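A structural walkthrough
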Amino acid sequence: MKFARYLPVLLAFALALPGCVTQSGATAALEKRVQQLEDEKQIREVVIRYGEYLDARDYAGYASLFARDGVWTGGFGSATGPAAIQAMMEKNLGKPEAGFINKQNFHLDTTVVVEVNGDTATARSRYMFFTTSADSRPSPTLAGRYVDQFVRENGQWKIKNRTSHGVIPYRDGNNPNLPPPPAALKGIIKP
Amino acid sequence: MTRWVAALATLIGFFAGPALVAAATVTPPSLEARIQRIDDRMAIEQLLMEYGRALDNRDFAAFAALFTEDGEWMGAQGSYHGPKEIQESMEKMFTAAAADIPKGKNFHLLTNVIIELQGDRATASSKFIFYKMNGAKPEAAVAGRYEDRLVRVGGAWKFQQRLALPPG
């Protein structure tokens, strides 16, 4: 008698159960797709901010894009982690004056392709470095590509390492004895 | 009996209350809210691209419609307010330069887009290069950055303010 009273409730629950399981499976799949889009968006932003911070000569912002064990390798040597990278950049390039506006050059970042694999990712992108010509026009001075290894650190995507390859003029980023960048760009780009 | 229920309710409230408050502050955004943010971001990127497309097509009415009623365009040429003034000013600017940059002989290259969303408002920062023809070759004539304040009006994102600035 008592059992019979609860039977409709139990029946309704049993009938709803497979629906719940399918629903949560679909939600989990959707959640994964949304996460993938959010990851890609955040990684693209880091690729853009890398150039923006260099243009603004904001080396604290620039260094914050690197992971705790993120490695910077280039013409100034090698540094690991944000604090060491910032110190190295400021030592070699100096701190900009307050209210600095860069009217001489900028990075154009494009053709970004991101591959996310769980908590690591690879991003490949192209850059063009524009400088001001003698007649005050934007002049494409360097063209190249970046290959970045990313890692998710406390929910934020950070650069583990970046290899910069020159396309025009050609510079093999994997060659430890990199030829120096054009003399005209000394002091204004990451060597 | 009633006293017991009241005591129990107080007890539950005592323990569950702070837990509910804590849960409310750390609850991750819903899937729907996350998708809305992706939608907003894509709609704003589209708005930023439409800006260049409308100017390159010399469609000044479509261009002006990208701004709110109190929208402002500000650049080296001056500061213009509201769709009507913005439309007339851009038309005048491009008509005056028609000999140097005729329609179909230039384009805006728009890139480096960073968007910050705050509900129905947003800010965006991006880069532009204005290419025109030098004989048979495209030549970068002007480069700079845009700083935008955007607002959602009737479900559509619009420019409330666009500043065209030097690079950096």
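Residues numbered from 1 in each chain as written. Chains lettered and ligands numbered in written order. Predicted model: local features only at pLDDT ≥ 70, side-chain atom pairs only at ≥ 80, totals over all residues. Heavy atoms only, no water.

1. So, the overall build of chain A
The test is simple: Numbering of helices and strands starts at the N terminus; helices are DSSP runs of H or I of at least 4 residues and strands are runs of E of at least 2. Relative accessible area decides the class of each residue, using a 1.4 Å probe on protein chains only: under 20% of the type maximum gives buried, over 50% gives exposed, and in between gives partly exposed. Note on contacts: a residue pair is in contact if any heavy atoms of the two residues lie within 4.5 Å.
Of the regular secondary structure elements, chain A holds three helices and six strands. In chain A, which comprises 191 residues, the proportion classed as buried is 34%. Taking all contacts inside chain A whose residues are at least 6 apart in sequence as the whole, residues at least 24 apart take part in 48%.

2. Brief notes about the pattern of salt bridges
Quick note on the threshold: Think of a salt bridge as a Lys or Arg side-chain nitrogen and an Asp or Glu carboxyl oxygen that are within 4 Å of each other.
Within this structure, the stated rule accounts for 24 salt bridges over all chains. In this structure, Lys95 of chain A and Glu90 of chain A form a salt bridge, with 3.9 Å as the shortest nitrogen-oxygen distance. A relative accessible area of 64% places Lys95 of chain A in the exposed class. Between Asp135 of chain A and Arg137 of chain A there is a salt bridge, with its nearest N and O atoms 3.3 Å apart. A residue is classified by how much of its surface remains accessible, and Arg137 of chain A, at 26% relative accessible area, is partly exposed. Connected via shared salt-bridge partners are Lys41, Glu45 and Arg49 of chain A together with Arg41 and Glu116 of chain B.

3. What about the interface of chain A and chain B?
For the record, the criterion: By definition, the buried area sums, over both parts, the 1.4 Å-probe accessible area that each loses when the two are put together.
In this assembly, 23 residues from chain A lie in contact with 25 residues from chain B. For the chain A face of the interface with chain B, the top three residues by lost area are Phe106, Arg137 and Pro138 of chain A, together amounting to 24%. Counting across the interface, chain A meets chain B through seven salt bridges. The partner of Arg34 of chain B in a salt bridge is Glu38 of chain A, with the nearest N and O atoms 2.8 Å apart.

4. Quick word on the pairing of strand S2 (residues 78–81) of chain B
Along any regular strand, the residues point their side chains to alternate faces of the sheet. Residue and element names in this part refer to chain B. Our working rule: Between any two strands, at least two bridges found by DSSP are needed for them to pair.
In terms of strand pairing, strand S1 (residues 67–75) meets S2 through four bridges, oriented antiparallel. Looking across to S2, one finds that Gly75 is bridged to Gly78. Between S1 and S2, which pair antiparallel one after the other, the connecting turn spans two residues.

5. Structural notes on unusual backbone geometry
Residues and elements named next belong to chain A. Here the amide bond leading from Ile168 into Pro169 is cis, since omega sits at -10 degrees, within 30 degrees of zero. The topology assignment puts Pro169 in the segment after strand S6 (156–168). Positive phi is not limited to glycine here, since Arg57 has a value of about 55 degrees.

6. Section: the sheet that holds strand S1 (residues 66–74) of chain A
Residues and elements named next belong to chain A. Basically, it comes down to this: Helix axes are fitted only over the stretch in contact, all axes being lines through C-alpha atoms; the angle between N-to-C directions runs from 0 to 180 degrees.
The six strands lie next to each other as S2-S1-S6-S5-S4-S3, forming an open sheet whose pairing is mixed. Two strands in the sheet have a free side with no partner beyond their single neighbour: strand S2 (77–80) and strand S3 (105–117). Across this sheet, the average inter-strand angle for adjacent strands is 15 degrees, counted without regard to direction. Of the strands in this sheet, S1 and S2 touch helix H3 (residues 82–93), which is tilted by about 35 degrees from S1.

7. Overview of the sheet that holds strand S3 (residues 106–118) of chain B
All names here are of chain B. Spatial strand order, S2-S1-S6-S5-S4-S3: six strands in an open sheet with mixed pairing. The sheet is open, and its two edges are formed by S2 and S3, each paired on a single side. With direction set aside, neighbouring strand axes in the sheet form an average angle of 20 degrees. Judged from the 11 bridges that link them, S3 and strand S4 (residues 121–134) form a sheet pairing that is antiparallel. What sits directly across from Gln118, in S4, is Arg121. Relative to the sheet, helix H2 (residues 31–56) contacts S1, S3, S4, strand S5 (137–153) and strand S6 (156–165), its axis offset from that of S3 by approximately 155 degrees. Across the face of the sheet, helix H4 (residues 82–96) comes into contact with S1 and S2 while running at roughly 35 degrees to S1.

Structural measurements only, silent on function.
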